[in-house]
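# Topology and contacts: notes
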Amino acid sequence: MTHVLETGLEFLESSNPGNLPKVKGYNIINGQLKSSSDGSRFTSKNPAILVDELGDFPLSTRDDVHEAIAAARSALTDWAATPAPTRGQIIGNMGRLLMEHKDAIVALETREIGKTLKEAAGSVQEAIDTCLFFQSEGRRLYGQTVNSELPDKELFTYRRPLGVCGIINACNFPAAVPFWKMIPALICGNTCVWKSPQDAPLLSFALARIMHQAGLPDGVVNLVHGKGSSAGQYIVDAVDEGLINKISFTGSTEVGKAIGEVCGRNLVSCSLELGGKNPQVVMPSADIDNAVAGAYWGGFGTAGQRCTSLGNLILHEDIYDEFMEKLMNKVKSTRIGDSLKHEDVLYGPMLSEKYAKDFLKGLEMVEADGATKLWGSGRITSGNTPDNFLGTPEDGVYMWPHVYADVTEDMNCFHEEVFGPAITVVKAKDFDHALHLANASPYGLSSSIYTNDRLEAYRYKIGIKAGMTGINNSTTGAEAHLPFGGVKGSGNGTRESGIWVIEAYSYWHAVNDELSGKLQLAQMDVDEIEMVEAEVDYTKLA
Ligand code: UN1
């Protein structure tokens, strides 16, 4: 088998438009390019031009996943023993390589999942920022010295790696999110088995190759492609088999709960970043134009396919009409199209056909609830195109932007995430009602309020149950060095990003060093200090 760095990929015969290449893709196990053990493969397609096939990739079998886990397990001892600053240097190299190849990686991300170039560049930048942040963390990764209650004895804490981490991410942030997970895992001395998202295998392959080019030893990150229900499931099954020490998952709440159960019964740590029905509240004192811009971007940027995308738009009744008029003007003129061909589009196609299908099911739920449709008409097809759609609809999987009003708390669509370009609008009577509504869904990922009343902003900040809150900002756009994650149905309380994520990929090892040469018993051999008997009336001094 060929080493990942020794070969460019093989190119397959293709009928792709514009002579775009189609590759034969591989897993990367112990630094070697591997096909699936039974030879089965799947195809990655450009959702903006479905006839454009990026490549064929291994549909990994249970044996392939086990081989990847075995490689990660045998690489663990040496990697954990590598000085953290050296691990940091390799991570820094990854960041520099990503900067050097940024344009190509960004174009590849756009071609594979249809994000606009601008947004793909944001996602790749988030991966770069993560590398640069953790490069220097290799020179910290602090433990503590702690004073002992006994003489001639020292206490210390050290961070230790957890072991082999199973990494499973969604395809909407295919560069940023796996790096949020793997970079801290690596800096802490863990090794990884990474299941690429089924809709972004080529981008994942390119990133894994960059990791090796940066100097990452073979076996430290092992990439397997395939479906969540097969390759992803085999990684989770390996928790029951005692082969995996950590799972980090970004995806649906339903799958996250199932993973949490497996990890829970094995006492294995898991990081779960799940769904959201992120509320944006707008109060009468807000700068309405700014709040409209935030709602529009939060709801329809990335075609609404961020876990932080706006779900429930909660408008105070006094500004409802003005706000909606301004918002609808924007929504109706949304530029949609393939950003590799057209400038200034707000969003492109859905991430893949699967996401399109699920989105349409979500719309059915909203309509069955009886919400009032103000705009949107499902999938964009010839004869069913919004004014500013650019291109040929049938080339890809494009959706109208959707706005539903008169949504109330008793409707399913108030509570359930619709992953795609759709927002549900709810009217609030006053601040307390708005805060109540913002807290009433089962999720608690991101949230936002637009107000120029500082007390209102403060009350929202302390009253909202969410992992993230924007004040006069949209629900999206977390930065790479603040903790990212949610509460309630949005996760299990673990965080990604910044220094906080280190807790999720290391455990604290407490060490005591007894220098006295004898057995001193904690608590029992500790000197007891008696207080001096004295009657002092302190009131006389006052
Ligand atoms: C996600 O959708 O899984 O905060 C991640 C944001 C981005 C990351 C989203 N920086 O919207």
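Residues numbered from 1 in each chain as written. Predicted model: local features only at pLDDT ≥ 70, side-chain atom pairs only at ≥ 80, totals over all residues. Heavy atoms only, no water.

## A look at the overall build of the protein chain
This is how the line gets drawn: Strands here mean DSSP runs of E at least two residues long; helices mean DSSP runs of H or I at least four residues long; both are numbered from the N terminus. Here the radius of gyration uses the C-alpha set of atoms, whereas the globule reference equals 2.2 Å times the residue count to the power 0.38. Accessible area is worked out with a 1.4 Å probe on protein chains only. A residue is then buried under 20% of its type maximum, exposed over 50%, and partly exposed in between. A contact between two residues is defined here by any heavy atoms of the two lying within 4.5 Å.
Along its length, the protein chain carries 14 helices and 22 strands. In summary, the protein chain has a C-alpha radius of gyration of 26 Å against a globular reference of 24 Å for 542 residues, a match within 12%. Referenced to the eigenvectors of the C-alpha coordinate spread, the extents of the protein chain come out at roughly 90 × 75 × 40 Å. In the protein chain, which comprises 542 residues, the proportion classed as buried is 55%. In the protein chain, of all internal contacts separated by at least 6 residues, the share reaching a separation of at least 24 is 74%.

## Thoughts on the side chain of threonine 130
Looking at where threonine 130 falls in the secondary structure, it is placed in helix 4 (residues 117-137). Discounting residues that sit within four places of it in the chain, threonine 130 has contacts with Phe179, Trp180, Ile183 and Ala480.

## A word on the side chain of glutamate 126
Let me state the cut-off plainly: Residues scored as positive are Lys and Arg, those scored as negative are Asp and Glu, and His as well as the terminal groups of each chain are ignored. Definition used for salt bridges: Asp or Glu carboxyl oxygen within 4 Å of a side-chain nitrogen of Lys or Arg.
Mapped onto the fold, glutamate 126 is located in helix 4. As a buried residue without a salt bridge, glutamate 126 has its nearest oppositely charged side chain in arginine 306, at a separation of 6.0 Å. Apart from the residues lying within four places of it in its own chain, the contact partners of glutamate 126 are Phe173, Ala176, Trp180, Ala478 and Ala480.

## Notes on the domain arrangement of the protein chain
The following threshold applies: Residue ranges labeled as domains rest on an automatic or database domain assignment. By buried area we mean how much accessible surface two parts lose on assembly, using a 1.4 Å probe and totalling the loss over both. Distance and chemistry together define a polar contact, namely a pair of N or O atoms within 3.5 Å, with one atom able to donate a hydrogen and the other to accept it when in protein, and with adjacent residues in sequence counting only for side-chain atoms on both sides. Put simply, Ala, Val, Leu, Ile, Met, Phe, Trp, Tyr, Cys and Pro go in the nonpolar bin, Asp, Glu, Lys and Arg in the charged bin, and everything else, Gly too, in the polar bin.
When cut into domains, the protein chain gives domain 1 (26-274 + 497-505) and domain 2 (278-480). Across the boundary between the two partners, domain 1 contributes 28 residues, which contact 30 residues of domain 2. Across the domain 1 to domain 2 interface the summed buried area is about 2,100 Å²; carbon plus sulfur atoms make up 58%. Counting the surface domain 1 buries against domain 2, the share from its top three residues, Ala48, Leu50 and Glu119, is 22%. Remark: the boundary between domain 1 and domain 2 carries one salt bridge. Residue glutamate 119 pairs with arginine 306 through a salt bridge whose shortest N-O separation is 2.9 Å. At the boundary of domain 1 and domain 2, one finds eight residue pairs in polar contact (both at pLDDT 80 or more). Within the residue set of the side of domain 1 that touches domain 2, elements represented by two or more residues are strand 5 (49-58), helix 3 (102-113) and helix 4. Tallied by class, residues from the side of domain 1 that touches domain 2 come to 11 nonpolar, eight polar and nine charged.

## Topic: the packing of aromatic side chains
Heads up, the rule is: To pair, rings of Phe, Tyr and Trp, with the six-membered ring standing in for Trp, must have centres within 6.5 Å; the planes then decide the type, stacked if under 30 degrees apart, edge-to-face if over 60, and tilted in the middle. Either the NZ atom of lysine or the CZ atom of arginine qualifies as a charge over a ring when it sits within 6 Å of the ring centre and within 35 degrees of the ring normal.
Counting across every chain of the model gives eight aromatic pairs. Taking the centre distance of 5.0 Å and the plane angle of 75° together, the rings of phenylalanine 133 and phenylalanine 134 count as edge-to-face. Judged by centre distance (6.2 Å) and plane angle (40°), the ring pair of phenylalanine 156 and tyrosine 158 falls under tilted. Here lysine 427 stacks its cationic end above the ring of tyrosine 320, 4.5 Å away from the centre of that ring.

## Some thoughts on empty space enclosed by the protein
Put simply, the rule is: Put plainly, a pocket is an open set of points on a 1 Å grid over the protein atoms alone with protein on both sides within 12 Å along at least five of seven lines, a cavity is a set where a 1.4 Å probe fits but cannot get out, and a lining residue has an atom within 4 Å of a point. Grid points are joined across faces, edges and corners, and a volume is the space filled by probe spheres set on the points.
By the definition in use, this model includes three cavities of 30 Å³ or more. Roughly 120 Å³ of internal volume is contained in the largest cavity. Contributing to the lining of the largest cavity are 18 residues, with Ser309, Leu310, Gly311, Val418 and Ala422 lying nearest its centre. Only strand 14 (310-316) and strand 17 (422-428) provide two or more residues apiece to the lining of the largest cavity.

## Side note on the pattern of salt bridges
Within the structure shown, the criterion is met by 17 salt bridges. Close ionic contact of aspartate 240 with arginine 265 constitutes a salt bridge, the shortest N to O distance being 2.7 Å. Of this pair, aspartate 240 sits in helix 7 (residues 228-240) while arginine 265 sits in helix 8 (residues 253-266); the two residues are 25 residues apart in sequence, bridging distant segments of the chain. A relative accessible area of 39% places aspartate 240 in the partly exposed class. Exposure remark for arginine 265: the relative accessible area of 53% places this residue in the exposed category. For aspartate 338, the salt bridge identified is with lysine 341, shortest N-O distance 3.9 Å. Judged by its relative accessible area of 7%, aspartate 338 is buried. Overlapping salt bridges, with partners in common, bring together Lys22, Glu53 and Asp56 in one network.

## Section: helix 4
Quick reminder of the rule: By this rule the span expected of a helix is its residue count minus one, scaled by 1.5 Å.
An ideal rise of 1.5 Å per residue puts 30 Å on 21 residues; helix 4 measures up with 30 Å between its terminal C-alpha atoms. Listing the buried residues of helix 4 in full gives Glu119, Ala120, Ser123, Val124, Glu126, Ala127, Ile128, Thr130, Cys131, Phe134 and Glu137.

## Notes on the site of the ligand
To be explicit about the condition: Proximity is defined per residue: if any heavy atom of the residue lies within 4 Å of a molecule or strand, that residue is considered near it. Methods summary: accessible areas were calculated by the Shrake-Rupley approach with a probe of 1.4 Å, and residue burial reflects only the protein chains presented.
All residues adjacent to the ligand are Glu126, Asn172, Phe173, Trp180, Arg306, Cys307, Thr308, Thr476, Gly477, Ala478 and Phe484. At 2.7 Å from an oxygen atom of the ligand is found a main-chain nitrogen or oxygen belonging to alanine 478. Relative to its unbound accessible surface of 320 Å², the ligand loses 98% to contact with the protein. The class makeup of the residues in the shell around the ligand is five nonpolar, four polar and two charged. Split by domain, the shell around the ligand shows at least three residues from each of two domains, domain 1 (26-274 + 497-505) and domain 2 (278-480).

## Things to note about the packing of helix 9 (residues 288-300) against helix 10 (residues 320-332)
For the record, the criterion: Convention adopted: a line fitted to C-alpha atoms gives each axis, helices being fitted over their contacting stretch, and angles between N-to-C directions are expressed from 0 to 180 degrees. The cut-offs work like this: below 35 degrees is roughly parallel, past 145 is roughly antiparallel, 65 to 115 is roughly perpendicular, and the gaps in between are oblique. Helix crossings get a hand from a simple test, with the near helix turned counterclockwise from the far one by less than a right angle marking a left-handed crossing and a clockwise turn marking a right-handed one.
Their axes nearest at 10 Å, the elements helix 9 and helix 10 cross at an angle of 45°. In terms of orientation, helix 9 lies oblique with respect to helix 10. Every pair of crossing elements has a handedness; the one defined by helix 9 and helix 10 is right-handed. On the side of helix 9, the interface is formed by Ile288, Asp289, Ala291, Val292, Ala293, Ala295, Tyr296 and Phe300, while helix 10 contributes Glu322, Phe323, Lys326, Leu327, Lys330 and Val331. A class-by-class count of the residues in the contact of helix 9 with helix 10 yields 10 nonpolar, no polar and four charged.

## Observations concerning the state of the cysteines
Cut-off, in case you're wondering: The disulfide definition used here is simple: a pair of cysteine sulfur atoms within 2.5 Å.
On inspection of all chains with the given rule, the structure shows zero disulfides. In this structure cysteine 171 is a free cysteine whose sulfur lies 12 Å from that of cysteine 307, the closest cysteine sulfur available. According to the relative accessible area criterion, cysteine 171 is buried, its value standing at 1%. Cysteine 192 forms no disulfide, and the closest cysteine sulfur to it belongs to cysteine 165, at a distance of 5.0 Å. Residue classification places cysteine 192 among the buried positions, given a relative accessible area of 0%.

## Some points on the sheet that holds strand 7 (residues 153-161)
Backbone hydrogen bonds hold the strands of a sheet together, and the pairing may be parallel or antiparallel. Going by this rule: For two strands to be treated as a pair, DSSP must find at least two bridges joining them.
Spatially, 6-7-22 is the arrangement adopted by the three strands of the open sheet, whose pairing is antiparallel. The open sheet terminates on both sides in strands that have one partner only, identified here as strand 6 (145-147) and strand 22 (506-514). Each strand axis lies, on average, 30° off the axis of its neighbour in the sheet, ignoring direction. Across nine bridges, strand 7 lies against strand 22 in antiparallel orientation. Along strand 22, the bridge assignment pairs phenylalanine 156 with valine 511.

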